[in-house]
Amino acid sequence: ERRERERKLSKEMAEKATKELEKMQLQEKAEVKYKEWLKKKRAEEAEKKKKEKEKEKEREAELQEKKARSEKIFKEWLHNARNKPRPVLNGYGFPHGKSTGLYFYYTYVVT
């Protein structure tokens, strides 16, 4: 009886030891998988940040180009505006640059 109890105890201890060993192995596998997942996630984040920076640089370059183009067009317009002939203020109905009542009267009367 005593030997049988000792055998049972040793058998139970062996089973506990194997369960503990299996549990530890599962934990180690889980840690390894978690580390791999974490490494992959960090690599994805780094790639995402890199792409965002590239897009931001492209946007800035486009804005710079657009600004330069618009400044060039404005300077051309300004240069051309100086050379354009001015409208005649003393034309019909505008003697000395002011409108006359008579001119406006005739423009609104339908004949």
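The following paragraphs examine the structure supplied in this document.

What counts, and at which threshold
- Residues numbered from 1 in each chain as written.
- Predicted model: local features only at pLDDT ≥ 70, side-chain atom pairs only at ≥ 80, totals over all residues.
- Heavy atoms only, no water.
- Helix = DSSP H or I, 4+ residues; strand = E, 2+ residues; numbered from the N terminus.
- Buried < 20%, exposed > 50% of the residue type's maximum accessible area, 1.4 Å probe, protein only.
- Areas by Shrake-Rupley, 256 points an atom, 1.4 Å probe, with all protein chains shown as cover.
- Patch = residues over 30% accessible without salt bridge, like charges linked within 9 Å, V, L, I, M, F, W, Y side chains within 5 Å.
- Salt bridge = Lys/Arg side-chain N within 4 Å of Asp/Glu carboxyl O.

What the protein chain contains, in helices and strands, is 2 helices and 0 strands. Evaluated residue by residue, the protein chain yields a buried proportion of 1% over its 111 residues. Counting only carbon and sulfur atoms, one obtains 56% of the accessible surface of the protein chain, whose full area is about 12100 Å².

On to a nonpolar patch on the surface, then. A cluster of nonpolar side chains, contributed by Phe-74, Trp-77 and Leu-78, occupies part of the molecular surface with about 320 Å² of accessible area. With respect to the helices and strands, the residue Phe-74 is situated in helix α1 (residues 2-83). Residue classification places Phe-74 among the partly exposed residues on the basis of a relative accessible area of 47%.

Another aspect to go through is the pattern of salt bridges. Inspection of the entire model under this criterion finds 3 salt bridges. Between Glu-1 and Arg-5 there is a salt bridge, and its shortest N-O distance comes to 3.5 Å. Arg-5 shares its class with Glu-1; the two are exposed. Taking the shortest distance from any N to any O, the salt bridge between Arg-69 and Glu-65 comes out at 3.5 Å. Residue Arg-69 and its partner Glu-65 are located together in helix α1, separated by 4 residues, close to a single helical turn. The exposure class assigned to Arg-69 is partly exposed, which follows from its relative accessible area of 45%.

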